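Structural description and commentary
Next come the chains, spelled out residue by residue.
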Amino acid sequence: MGENMIQGENSTSLSSTSPLPSSTSVLSKKCTFPLDHGTAIVLLNIMFSVFGTFGNIIIIVVVYKTPKLRRISNFLLLSLAVADLFVTMIAQPLQVTTVAAKTFGHFCVPSVDYAYDVVANFSCSCSLFHLAAISVDRALVVSNPHRYHSTMGKYGLKIMLCCCWGSATLFVSLRVPFPETLILSVLVIFVSYFIIIVSYSIILYQITRERVRGEMPGDSRAASRDARMERRVAGTIAIVILVFSICWFPLVGIYVSMKNGLVRNLDGVLYMWIRTLLLFNSSMNFLIYSFRIDHFRSAYKKSFRQLAQKSRALLSSSKTASTSNTATATATASCSAKQISTNEKRDTEEELAYAGVCTNEKQDKKEGMVCTGV
């Protein structure tokens with residue numbers, strides 16, 4: 001997000017009237033990456049890509065196959081998983097290709113850089129909008145549970161999904177062709193962060209108020225249960241905000257620094273590490289938003305058990321088929337050996353008969369052979 005602007009500046013400098021050696025040295029420096037940093041970034045992106053793709057596909061599968069998970073809130077998680085798949089299956093491999101080319105081949109791939117610009121701006125912004133929408137959805141559940149299903153079931157969910165995907169499309173349409181819209185990225189991140197903070201503050205406030213209102217003297221069990229729920233919700237909120245801050249704020253910092261002239265190169269080691277950290281967020285969202293939900297954990301366990309059973313059944317059938325094939329092959333080989341032995345014996349007897357040796361009088365009489373003796 002934002003690399004296209006500096007690429008435009010570099011291309012302008014390269015096409016200027018500067019001497020050829022200077023242009024060549026600039027291009028060589030731009031297309032070269034340190035081996036240690038490049039190798040680490042490539043390996044981490046491959047690992048996060050595989051892990052995130054597997055996790056997001058699991059979310060899609062369990063929501064599709066588990067009827068009790070087909071609820072309004074979980075459809076937002078499903079849509080988030082689809083958006084994150086664009087990151088883990090397309091953006092991260094493109095990141096690997098770019099860094100690997102500069103690290104091991106010392107050359108640039110402009111077409112891959114442009115493809116990354118489009119995919120990353122679209123998928124990362126879409127994922128960011130989904131995180132904000134999920135926080136708003138959960139705030140609505142807690143603050144107004146009676147009207148939640150009627151509101152979200154009729155038009156709320158559709159509006160949220162359209163806003164997430166439509167806003168991402170509008171964002172990439174403005175961000176990629178117009179590099180000067182760098183401030184737009186910063187604005188989108190801050191607005192989403194503000195929505196998430198406000199929404200989860202409402203959730204925590206509502207839960208605390210309900211606990212205080214519902215407390216009854218002597219009911220220590222209910223008070224303990226409510227306190228555990230409050231700590232769990234607070235822990236989830238803390239994890240969401242912490243991971244979001246770690247993954248997104250370094251990008252804001254480097255954008256602001258570049259805007260103020262403190263950073264002029266978005267191809268360097270620091271920026272590539274920040275980009276890797278940003279992509280890492282899409283590999284972890286499925287853990288943050290689903291593994292802390294009991295129904296999802298149960299669905300995961302059930303899916304893994306079914307997968308293990310199918311694997312064992314497949315291996316068992318494979319072994320049975322192998323044993324059956326071996327027995328069949330053995331029986332066939334035995335029959336073939338007997339047939340060969342019978343044929344060889346008959347051929348030998350015929351040869352001996354023609355040589356004048358009587359080996360089987362009945363067979364000789366039947367075939368009309370004459371044994372002359374020795």
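As recorded in an unreviewed UniProt entry, the chain goes by the name Melanocortin receptor 5-like, listed as coming from Actinia tenebrosa. A UniProt comment under Subcellular location (unreviewed entry) is attached to the chain, and it reads "Cell membrane".

The next subject is helix H6 (residues 145–175). Taking 1.5 Å as the rise per residue, H6 with 31 residues should run 45 Å; its terminal C-alpha atoms sit only 38 Å apart, a clear shortfall. Along H6, the sharpest kink reaches roughly 65°, centred on Met 152. The complete set of buried residues in H6 reads Tyr 148, Met 152, Gly 156, Leu 157, Met 160, Cys 164, Ala 168, Phe 171, Val 172 and Arg 175.

All right, on to the nonpolar core then. Counting residues in hydrophobic clusters, the biggest one holds 73 residues, and the most contacted among them are Val 62, Ile 196, Tyr 200, Trp 248, Leu 251 and Tyr 289. Looking at this core, the elements with two or more residues in it are helix H3 (35–65), helix H4 (72–105), helix H5 (110–143), H6, helix H7 (182–214), helix H8 (220–259), helix H9 (269–290) and helix H10 (294–354). A per-element tally of this core places H5 first, with 14 residues. Residues Phe 33, Ile 41, Val 99 and Met 272 belong to the second largest nonpolar core, which totals six residues.

Looking now at the packing of H4 against H6. The interhelical angle for the contact between H4 and H6, taken along N-to-C directions, is 10°, at an axis separation of 10 Å. Classified by the angle between their axes, H4 and H6 sit roughly parallel to one another. Where H4 abuts H6, its residues Ile 72, Ser 73, Phe 75, Leu 76, Ser 79, Val 82, Ala 83 and Phe 86 lie against Tyr 148, His 149, Met 152, Gly 153, Leu 157, Met 160, Leu 161 and Trp 165. Looking at the contact of H4 with H6 residue by residue, the classes come out as 12 nonpolar, four polar and no charged.

With that settled, consider the state of the cysteines. Here is the idea: a disulfide is a covalent bond, and it sits between the sulfur atoms of two cysteines. Enumeration according to the criterion identifies one disulfide in this entry. For the unlinked cysteine Cys 126, the closest cysteine sulfur is that of Cys 164, found at 6.3 Å. For Cys 126, a relative accessible area of 0% corresponds to the buried category. With no disulfide partner, Cys 162 has as its closest neighbouring cysteine sulfur the one in Cys 163, 7.1 Å distant.

Turning our attention to the UniProt feature "transmembrane region" (unreviewed entry) in the chain. Look at the UniProt record and you will see "transmembrane region" (unreviewed entry) annotated at residues 40–63, 75–94, 114–134, 155–176, 182–205, 233–258 and 270–291. The span residues 114–134 is 100% helical and 0% strand by assignment, and the distance between its end C-alpha atoms comes to 30 Å. End C-alpha to end C-alpha, residues 233–258 measures 37 Å, and it is 100% helix and 0% strand.

Moving on to unusual backbone geometry. Even without being glycine, His 106 reaches a positive phi, approximately 55°. Along the chain, His 106 falls in the loop between H4 and H5.

Quick look at the packing of H3 against H9 now. In contact at an axis separation of 9 Å, H3 and H9 are set at 20° when each is read in the N-to-C sense. With respect to their mutual orientation, H3 and H9 come out roughly parallel. Where H3 crosses over H9, the two elements pack in a sense that is left-handed. Residues His 37, Ala 40, Ile 41, Leu 44, Asn 45, Phe 48, Ser 49, Phe 51, Gly 52, Gly 55, Asn 56 and Ile 59 of H3 form the contact with H9, whose own contacting residues are Val 269, Met 272, Trp 273, Thr 276, Leu 279, Phe 280, Ser 282, Ser 283, Met 284, Phe 286, Leu 287 and Ser 290. Here the contact of H3 with H9 is composed, by residue class, of 14 nonpolar, 10 polar and no charged.

Turning next to the side chain of Arg 175. Tracing the sequence through the fold places Arg 175 in helix H6. No salt bridge is formed by the buried Arg 175, whose closest oppositely charged neighbour, Asp 117, lies at an N-O distance of 7.1 Å. Side-chain polar atoms of Arg 175 contact the side chain of Ser 185, separated by 3.0 Å.

Definitions and limits used
- Residues numbered from 1 in each chain as written.
- Predicted model: local features only at pLDDT ≥ 70, side-chain atom pairs only at ≥ 80, totals over all residues.
- Heavy atoms only, no water.
- UniProt positions renumbered as here; feature names shortened; annotations may be inferred.
- Helix = DSSP H or I, 4+ residues; strand = E, 2+ residues; numbered from the N terminus.
- Expected span 1.5 Å × (residues − 1).
- Bend = angle between axes of the 7 residues up to and from the residue.
- Buried < 20%, exposed > 50% of the residue type's maximum accessible area, 1.4 Å probe, protein only.
- Core = buried A, V, L, I, M, F, W, Y, C linked by side-chain atoms within 4.5 Å.
- Axes fitted to C-alpha atoms, helices over the stretch in contact; angles between N-to-C directions.
- Parallel < 35°, antiparallel > 145°, perpendicular 65-115°, else oblique.
- Contact = heavy atoms within 4.5 Å.
- Nonpolar A, V, L, I, M, F, W, Y, C, P; charged D, E, K, R; others polar.
- Disulfide = S-S within 2.5 Å.
- Left-handed = near helix turned anticlockwise from the far one by under 90°.
- Lys, Arg positive; Asp, Glu negative; His and termini not counted.
- Salt bridge = Lys/Arg side-chain N within 4 Å of Asp/Glu carboxyl O.
- Polar contact = N/O pair within 3.5 Å; in protein donor to acceptor, adjacent residues only side chain to side chain.

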